[in-house]
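Here are the chains, one letter per residue:
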Amino acid sequence: MDRVIIGGGFSALSLLIKERFAVKVITPRLPAYSSNQFKINKFLSSNSSSLAKYLINNKNIMLHERTILGGHSAIWGGFINISDINPNIINKFHNYGIDFIPLSFKKTGSVSNLQEIAQIQFNDEILNSSKIIKPDIDKLVTRIEIKKDFLKIYYADNTFDTSKKIHLCVGVVQLIEIFINSGWIKEGDSISMEEYKSKFTFNMFETEFDPNAPCVIRYGFFRAINHAIGLQRKTMRDVPFMFVNQNFYAQKNKVVLRFNQGSFIGAIGNSFGKSIHYCNLQINDKKVNEFMSELSKNVKIHGAASISQSFPGPISNDIVNNIWQ
Ligand SMILES: Cc1cc2nc3c(=O)[nH]c(=O)nc-3n(C[C@H](O)[C@H](O)[C@H](O)COP(=O)(O)OP(=O)(O)OC[C@H]3O[C@@H](n4cnc5c(N)ncnc54)[C@H](O)[C@@H]3O)c2cc1C
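First, a word on scope: everything that follows refers to the structure included in this document. What you are looking at is a predicted structure, and each value in this text was computed from that prediction instead of being measured.

## A look at the overall build of the protein chain
Part 1 of the argument: Within the protein chain, the secondary structure is distributed over 6 helices and 19 strands.
Part 2 of the argument: For the protein chain, long-range pairs separated by at least 24 residues make up 69% of all intrachain contacts whose partners lie at least 6 apart in sequence.

## Quick notes on the site of the ligand
Part 1 of the argument: Taken together, 41 residues surround the ligand, and among them Gly9, Gly71, His72, Gly77 and Gly303 come closest.
Part 2 of the argument: Per-element tally for the shell around the ligand: the top contributor is helix 1 (residues 10-18), with 3 residues.
Part 3 of the argument: Grouping the constituent residues of the shell around the ligand by class yields 22 nonpolar, 18 polar and 1 charged.

## Here we look at helix 5 (residues 288-295)
Part 1 of the argument: Of all the residues in helix 5, the buried ones are Val288, Phe291 and Met292. One side of helix 5 carries all its buried residues, which in axial view fall inside an arc of 95 degrees. Residues of helix 5 that are exposed and point over 90 degrees away from its buried face: Glu290 and Glu294.

## Describing the environment of Lys24
Part 1 of the argument: In this structure, Lys24 sits in strand 2 (residues 24-26).
Part 2 of the argument: Its 16 C-beta neighbours within 10 Å are what place Lys24 among the partly exposed residues.
Part 3 of the argument: Residues Lys24 and Pro135, 111 residues apart in the sequence, show an inter-C-alpha distance of 7.6 Å.
Part 4 of the argument: Not counting residues within four places of it along the chain, the set of residues in contact with Lys24 comprises Met1, Val4, Asp136 and Ile137.

## Quick notes on the nonpolar core
Part 1 of the argument: Counting 79 residues, the largest nonpolar core has Ile6, Val172 and Leu175 as the members making the most contacts within it.
Part 2 of the argument: When residues in this core are grouped by element, the largest group, 6 residues, is from helix 3 (residues 172-181).
Part 3 of the argument: Here Val172 is in contact with Leu63, Met193, Tyr278, Leu281, Ala304 and Ala305, once residues within four sequence places are set aside.

## Describing the packing of helix 1 against helix 6 (residues 316-324)
Part 1 of the argument: Running from N to C, helix 1 and helix 6 cross one another at 35 degrees; their axes reach a closest spacing of 10 Å. Where helix 1 crosses over helix 6, the handedness of that crossing is right-handed. Residue-level contacts link Phe10, Ser11, Ser14, Leu15 and Lys18 of helix 1 to Ser316, Ile319, Val320, Ile323 and Trp324 of helix 6.
Part 2 of the argument: Of the residues belonging to the contact of helix 1 with helix 6, the class tally is 6 nonpolar, 3 polar and 1 charged.

## Examining unusual backbone geometry
Part 1 of the argument: Unusually for a residue other than glycine, Gln261 sits at a positive phi of about 50 degrees.
Part 2 of the argument: Looking at where Gln261 falls in the secondary structure, it is placed in the loop between strand 15 (242-260) and strand 16 (263-265).
Part 3 of the argument: A count of 7 C-beta atoms within 10 Å places Gln261 in the exposed class.
Part 4 of the argument: Of note in the backbone geometry, Asn284 takes a positive phi value of approximately 45 degrees without being a glycine.
Part 5 of the argument: Tracing the backbone through its elements, the reader meets Asn284 in the loop between strand 17 (279-283) and strand 18 (286-287).

## Thoughts on the sheet that holds strand 10 (residues 151-155)
Part 1 of the argument: If you walk across this open sheet you meet the 3 strands as 9-10-11, and the pairing is antiparallel. Looking at strand neighbours, the two that pair on one side only are strand 9 (141-146) and strand 11 (160-163), the edges of this open sheet. For this sheet the average axis-to-axis angle between neighbouring strands, irrespective of direction, equals 25 degrees.

## As for the pairing of strand 1 (residues 3-6)
Consecutive residues of a regular strand have side chains that alternate between opposite faces of the sheet.
Part 1 of the argument: Bridge count for strand 1 against strand 12 (residues 165-168) is 4 bridges, and the pairing is parallel. Following the sheet pairing, Ile6 is matched in strand 12 by Leu168.
Part 2 of the argument: Sheet topology places strand 1 next to strand 2; 3 bridges connect them, and they run parallel. Considered in strand 2, the bridge of Val4 is made with Lys24.
Part 3 of the argument: Assessed by its sense of winding, the connection that carries the chain from strand 1 through helix 1 to strand 2 is right-handed.

## Observations regarding the sheet that holds strand 1
Strand pairing in a sheet takes place through backbone hydrogen bonds and is either antiparallel or parallel in direction.
Part 1 of the argument: The 4 strands are arranged 2-1-12-19 in an open sheet whose pairing can be described as parallel. For this open sheet the edge positions go to strand 2 and strand 19 (299-301), each flanked by a neighbour on one side alone. Across the sheet, the axes of successive neighbouring strands diverge by a mean angle of 25 degrees, strand direction being ignored.
Part 2 of the argument: Direction of pairing for strand 12 relative to strand 19: parallel, over a ladder of 3 bridges. Within the sheet, the bridge partner assigned to His167 lies in strand 19 and is Lys300.

## Describing helix 3
Because the α-helix completes a turn every 3.6 residues, residues three or four places apart line up on one side.
Part 1 of the argument: The buried fraction of helix 3 amounts to 8 of the 10 residues, a majority that puts the element mostly inside the structure.
Part 2 of the argument: Val172, Val173, Gln174, Leu175, Ile176, Glu177, Ile178 and Phe179 are the residues of helix 3 that are buried.
Part 3 of the argument: Its buried side turned inward, helix 3 meets strand 9, strand 12, strand 13 (190-204), strand 17 and strand 19.
Part 4 of the argument: Following helix 3 by one or two positions, Gly183 adopts a phi angle in the positive range, close to 80 degrees.

Thresholds applied
Residues numbered from 1 in each chain as written. Predicted model: local features only at pLDDT ≥ 70, side-chain atom pairs only at ≥ 80, totals over all residues. Helix = DSSP H or I, 4+ residues; strand = E, 2+ residues; numbered from the N terminus. Contact = placed C-beta atoms within 7 Å. Near = placed C-beta within 6 Å. Nonpolar A, V, L, I, M, F, W, Y, C, P; charged D, E, K, R; others polar. Buried ≥ 20, exposed ≤ 12 C-beta atoms within 10 Å, placed from the backbone. Arc of directions from axis to C-beta. Core = buried A, V, L, I, M, F, W, Y, C linked by C-beta atoms within 7 Å. Axes fitted to C-alpha atoms, helices over the stretch in contact; angles between N-to-C directions. Left-handed = near helix turned anticlockwise from the far one by under 90°. Pairing = 2+ DSSP bridges. Right-handed = clockwise from strand over helix to strand, strands pointing away.

Here it is, written out as structure tokens:
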């Protein structure tokens with residue numbers, strides 16, 4: 001193969017749209033085996049597991065993965081900040097039936113203090129990448145070997161393929177797993193990640209938005225419950241006086257961990273990962289793509305690990321802009 005995308009979630013879909021679906025996709029439709037660490041499911045979502053073998057020895061750090069077609073995009077809120085997305089890019093999504101719907105209690109069951117927050121929808125539901133991506137190779141990648149003129153991609157069933165170029169769109173947790181298995185993260189290496197602080201609040205009556213939060217997403221009460229159980233479309237009229245706010249603040253949390261005998265260790269006081277928008281993976285103080293390019297110029301990382309969020313709130317806009325840059 002000349003070029004492949006590994007992953008089947010939102011970043012893989014964005015890249016496929018940019019490339020007009022002319023790149024092969026390697027990703028498992030269903031999870032093959034499981035561990036419970038990092039697992040995240042919702043009552044109505046397809047059941048997925050985490051497949052990462054490493055541990056994080058700190059209960060304050062909550063990372064998540066869904067190693068199944070669609071990944072987190074099967075359970076996410078679909079929110080995006082379109083303020084700095086080029087309209088031509090929005091049009092490219094539109095050509096595949098994907099629309100960026102302005103928030104309103106009527107259409108999305110949610111509003112924001114920012115006009116520019118929209119919800120990404122496909123067929124009147126929150127976009128789930130699994131409804132569009134069709135994997136060419138239905139396998140889980142375990143590791144990558146860098147050869148002089150090509151890359152060797154190993155699968156969980158002990159077979160392999162080769163490709164000249166790889167786009168890794170696997171989410172933060174699996175990216176770390178592939179890096180460990182490939183020998184790129186070694187004993188004693190450090191990793192770091194960051195996120196904007198965030199907090200959920202419950203409100204009776206439609207109070208002012210928190211003036212200290214640059215971005216607030218407000219859900220009608222039933223929409224919030226439906227989001228929590230994984231119902232990905234608006235179904236019923238909401239109660240007009242009960243709301244859940246997701247407040248995103250300008251301050252950042254950062255976590256630094258060291259790899260030691262199969263585990264990441266590090267002390268942090270506050271919890272990390274609550275925003276679910278943790279990003280900017282650095283290895284030994286180098287941004288992950290900078291670190292990668294020193295090993296091979298032919299492996300490119302996309303998705304949250306590869307970006308530092310530009311503004312509190314949704315992260316999907318940074319993922320999209322990074323892919324089109
Ligand atoms: C509950 C929840 C709500 C969220 N809401 C929002 C929101 O409203 N707005 C927002 O911007 N962000 C939101 N997020 C974050 C959101 O998940 C990301 O923005 C988006 O899904 C990231 O895309 P991704 O492609 O990096 O990861 P994912 O969408 O998770 O996709 C990763 C893909 O890679 C595949 N994969 C993993 N490992 C391998 C492997 N080894 N080999 C092959 N394939 C592999 C997985 O199976 C999956 O298909 C939310 C997250 C959660 C959990």
